[in-house]
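# Examination of the molecular architecture
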Amino acid sequence: MTVRTRFAPSPTGYLHVGGARTALFSWAFARHFGGTFVLRIEDTDLERSTPEAVQAILDGMNWLGLHHDEGPYYQMKRMERYSEVLADMLAKGTAYHCYSSPEEVEAMRERQRAAGEKPRYDGTWRPEAGKALPAIPADRKPVIRFKNPLDGEVSWLDVVKGQITIGNRELDDLVIARPDGTPTYNFCVAVDDWDMQITHVIRGDDHVNNTPRQINILNALGATLPHYGHLPMILGPDGQKLSKRDGAASVMDYPLQGYLPETMLNYLARLGWSHGDDEIFSMEQMCSWFDLSHLSASAAQFNPEKLAWINNHYIKAADNVRLAGLIKQQMLDDGAQFDNAPALEAVIALLKERTNTTVELGQAAMLFYRQPAADPALMTQHVTEAILPALRQYAELCKTVEWNKAALSAAMKQTLADFSLKMPQLAMPLRLLLTGQLQTPSIDAVIELFGREVVTQRLSVIAG
Ligand code: GLU
């Protein structure tokens, strides 16, 4: 069997975190078996589907690197095929025309509710051997209903939830085409999964109720059934359904907030799937490990702190040239001056250890790309008369010292010894003079990165 999975979003909004996880699991499963990952756009809800949403989904998939092998197929482009299958089903008697008006259907439901029964279509137009059907009302266009089995049950071994069994009596004769002939949701999904030879349907458990209906339709079509796996929902940090309130429900908000795609993939992978205690792994590893037997049946909880921790890991591992490309525009927007300043890659190398997002990294890097503007009160407090002679000596040494970490550090130690000072007594005023702030990485590293020209120029203000 060649594994074929699909991701089948409805383009009614952006690609959200839950959708991205579904896509990731379907993709990884196909990759694990050298199978095919199909992208299908379920755009039959004309009121809610938009081309912008299609684009947003494609952008999200692309950013994550979840590339499809086939598609995207668009349901709206498959209308002829659905009509053909509907005609076949009518001919075979697995579907039938129903002329009950919406008012009649509503009245029958009311009656059933009043009698304490579950509301369902009462089968008025359902053909049965030896049964006479009512006269077709004039000027009424019929819907097409699926002739759901009356007895027995639908049962499948859900790869996440285990055996699920639904009695056919619970299911209705589903409308599969509207009076204007347009097919309905569950029918299209069943035909698509059949035509696209999907072997494994992995999707959110909000679709569990659709599965028995789709299975019955697939059986009526004579299709081989796919395996189904329904992923439990992702809860927000507060234990409630993950929502926009939780910061970024759209996957494409994450690059804006400074998260790397490999972080998202790694993090999403752990939302409902595990490989021992492994927290950090590459997509190559995930694809080689991914199986359906380690999917969790209980809801996963979104944890922003863990996401930040993973992002820090991938920022540390990321190439500095790539990181520079990601933060440069943000820094320009913040007024960064890149002329006569240290190479951004070198600054990133110094700072990335401690940053959780590339946005933070860009903000921290500004230290090297703006004119220092220290608070005068801090200057008075730290650049004191008592310390000026030492600062001046160090400034002089900086004019001639060999420009490397060892020599710079030796010059600093020399000055501290000559004036019997402790490191912070010299480092704090130097930080203020060079960067305008008291919090910086190691002063030696900062000085080395700025270079002789900038350092001497910024220290010239204290010349005696
Ligand atoms: N189009 C459905 C959705 O976006 C998914 C359908 C499916 O995976 O079967 O929720």
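Scroll up to find the structure.
From a predicted model like this one, the values you see are computed outputs, not experimental measurements.

Our next topic: the packing of aromatic side chains. Going through the model one piece at a time under the given rule, you end up with 13 aromatic pairs. Taken together, a centroid distance of 5.2 Å and an interplanar angle of 45° make the contact between phenylalanine 25 and phenylalanine 290 tilted. Of this pair, phenylalanine 25 sits in helix 1 (residues 17–32) while phenylalanine 290 sits in the loop between helix 9 (283–289) and strand 12 (300–301), placing them 265 residues apart in sequence. Pairing tryptophan 156 with tyrosine 228 gives two aromatic rings, centres 6.4 Å apart and planes at 65°, and the pair type is edge-to-face. With tryptophan 156 in strand 6 (residues 153–158) and tyrosine 228 in strand 10 (residues 227–231), the pair connects residues that are 72 residues apart, well separated along the chain. When sorted by exposure, tryptophan 156 lands in the same class as tyrosine 228, which is buried. One aromatic cluster is present, formed by Phe25, Phe29, Phe33, Trp273, Phe281, Trp289 and Phe290 through successive ring pairs.

Compared with the 22 Å implied by 1.5 Å per residue over 16 residues, the 22 Å span of helix 1 between its first and last C-alpha is a close match. Downstream of helix 1 by one or two residues, glycine 34 has phi in the positive range, about 60°.

What the three strands build is an open sheet, ordered 4-5-8; its pairing is antiparallel. Only two strands of the sheet have a single neighbouring strand rather than two, namely strand 4 (95–98) and strand 8 (175–177). Averaged over all adjacent pairs, the angle separating strand axes in this sheet is 45°, with direction ignored. As paired elements, strand 5 (residues 143–146) and strand 8 share two bridges and run antiparallel to each other. Paired with arginine 145 across the bridge in strand 8 is valine 175.

Calculation notes
- Residues numbered from 1 in each chain as written.
- Predicted model: local features only at pLDDT ≥ 70, side-chain atom pairs only at ≥ 80, totals over all residues.
- Heavy atoms only, no water.
- Phe/Tyr/Trp six-rings, centres within 6.5 Å; stacked < 30°, edge-to-face > 60°.
- Helix = DSSP H or I, 4+ residues; strand = E, 2+ residues; numbered from the N terminus.
- Buried < 20%, exposed > 50% of the residue type's maximum accessible area, 1.4 Å probe, protein only.
- Expected span 1.5 Å × (residues − 1).
- Pairing = 2+ DSSP bridges.
- Axes fitted to C-alpha atoms, helices over the stretch in contact; angles between N-to-C directions.

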